[in-house]
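Residues per chain are reported as follows:
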Amino acid sequence: MGTIADNLTRIRETLPAGVVLVAVSKFHPAEAVREAYEAGQRIFGESRPQELVAKHALLPDDIEWHMIGHLQTNKVKYIAPFVSLVHSVDSLRLAETIDREAARVGRAIDVLLEVRVAREETKFGWEAAELEHFLQDGSLTGLRNIRIRGLMGMASLTDDPEQVKREFASLRSFFERLRTEYLPEIDTLSMGMSGDYPTAIDQGATMVRIGSSIFGERNY
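First, a word on scope: everything that follows refers to the structure included in this document. (Residues numbered from 1 in each chain as written. Predicted model: local features only at pLDDT ≥ 70, side-chain atom pairs only at ≥ 80, totals over all residues. Heavy atoms only, no water.)

We now examine the overall build of the chain. Regarding its fold elements, the chain presents nine helices and eight strands. Seen along its three principal axes, the alpha-carbon backbone of the chain occupies a region of about 50 × 45 × 30 Å. Buried positions account for 52% of the 220 residues belonging to the chain. A total accessible area of about 10,300 Å² is found for the chain, and carbon and sulfur atoms account for 48% of it. Each charge class in the chain was averaged separately, 26 positive and 33 negative side chains, and the resulting centres sit 3 Å apart. (Helix = DSSP H or I, 4+ residues; strand = E, 2+ residues; numbered from the N terminus. Buried < 20%, exposed > 50% of the residue type's maximum accessible area, 1.4 Å probe, protein only. Areas by Shrake-Rupley, 256 points an atom, 1.4 Å probe, with all protein chains shown as cover. Lys, Arg positive; Asp, Glu negative; His and termini not counted. Charge placed at Lys NZ, Arg CZ, Asp CG, Glu CD.)

Before going further, it helps to spend a moment on the packing of helix α6 (residues 128-136) against helix α7 (residues 161-181). Here α6 crosses α7 at 15°, and the two axes come no closer than 12 Å. Regarding the angle of α6 to α7, the classification is roughly parallel. For the pair α6 and α7, the crossing hand works out as right-handed. Between α6 and α7, the contacting residues are Ala-128, Leu-131, Glu-132 and Leu-135 on the first element and Phe-174, Arg-177, Leu-178 and Glu-181 on the second. For the contact of α6 with α7, the residue count by class is five nonpolar, no polar and three charged. (Axes fitted to C-alpha atoms, helices over the stretch in contact; angles between N-to-C directions. Parallel < 35°, antiparallel > 145°, perpendicular 65-115°, else oblique. Left-handed = near helix turned anticlockwise from the far one by under 90°. Contact = heavy atoms within 4.5 Å. Nonpolar A, V, L, I, M, F, W, Y, C, P; charged D, E, K, R; others polar.)

This part is about the pattern of salt bridges. All told, the structure shown has 13 salt bridges when counted by the stated rule. The partner of Glu-46 in a salt bridge is Lys-55, and the shortest N-O contact between them spans 2.7 Å. Just as Glu-46 is buried, Lys-55 falls in that class too. The residue Arg-48 makes a salt bridge to Glu-51 at a minimum N-O spacing of 3.3 Å. Connected via shared salt-bridge partners are Glu-46, Arg-48, Glu-51 and Lys-55. (Salt bridge = Lys/Arg side-chain N within 4 Å of Asp/Glu carboxyl O.)

Pairing of strand β2 (residues 43-46) with strand β3 (residues 64-67), which is carried by four bridges, proceeds in the parallel orientation. Bridge pairing links Ile-43 to Glu-64 in β3. The parallel pair β2 and β3 is bridged by helix α3 (residues 49-58), and the resulting crossover is right-handed. Pairing between β3 and strand β4 (residues 85-89): two bridges, direction parallel. Pairing of Met-67 across the sheet is with Val-86, part of β4. (Pairing = 2+ DSSP bridges. Right-handed = clockwise from strand over helix to strand, strands pointing away.)

Now the structure itself:
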């Protein structure tokens, strides 16, 4: 494992033009984020609102902070003033809460709708049919202080590369269908992490979330 700067350089060399790198800094100290920042990285992903707020206060203002973990509705108010993108919108109630908190602070917040494609019970996300229902009836598209930018998903944690490929392919297919039928403006498909991002890119990811390959193993 090289330095954070070396790791970033190596990963960037593997990313096609147009694929956005989110450096997943959760559970890593602010000093590690600053090292990545000094190496040119500007987009960082966190999974806990309290950690996101703390790092936002300590680090440069031009960082784009992404909320990538499961988000409870009672925590939205803490990140609404500054968060750049919420990847993990997995219910109508959460979308409505983000919309309300964004209005309160005079913003429109970009979001991704998290879709469950993995076979693991522990994964969060919409079932495709449920999400489509709320798009059809206007419950999601009628919210004025969120901007739906696309979808996010996580593949199963498995040693079977073909299963991972199928899951990413199914998310890409769903993304294209939603763009055709309901959301013509969406442009972001966030899928792929340190262990599977090359497969995600092959299947159409426009954004990848990479942590351990940049920062090393997490300190929980």
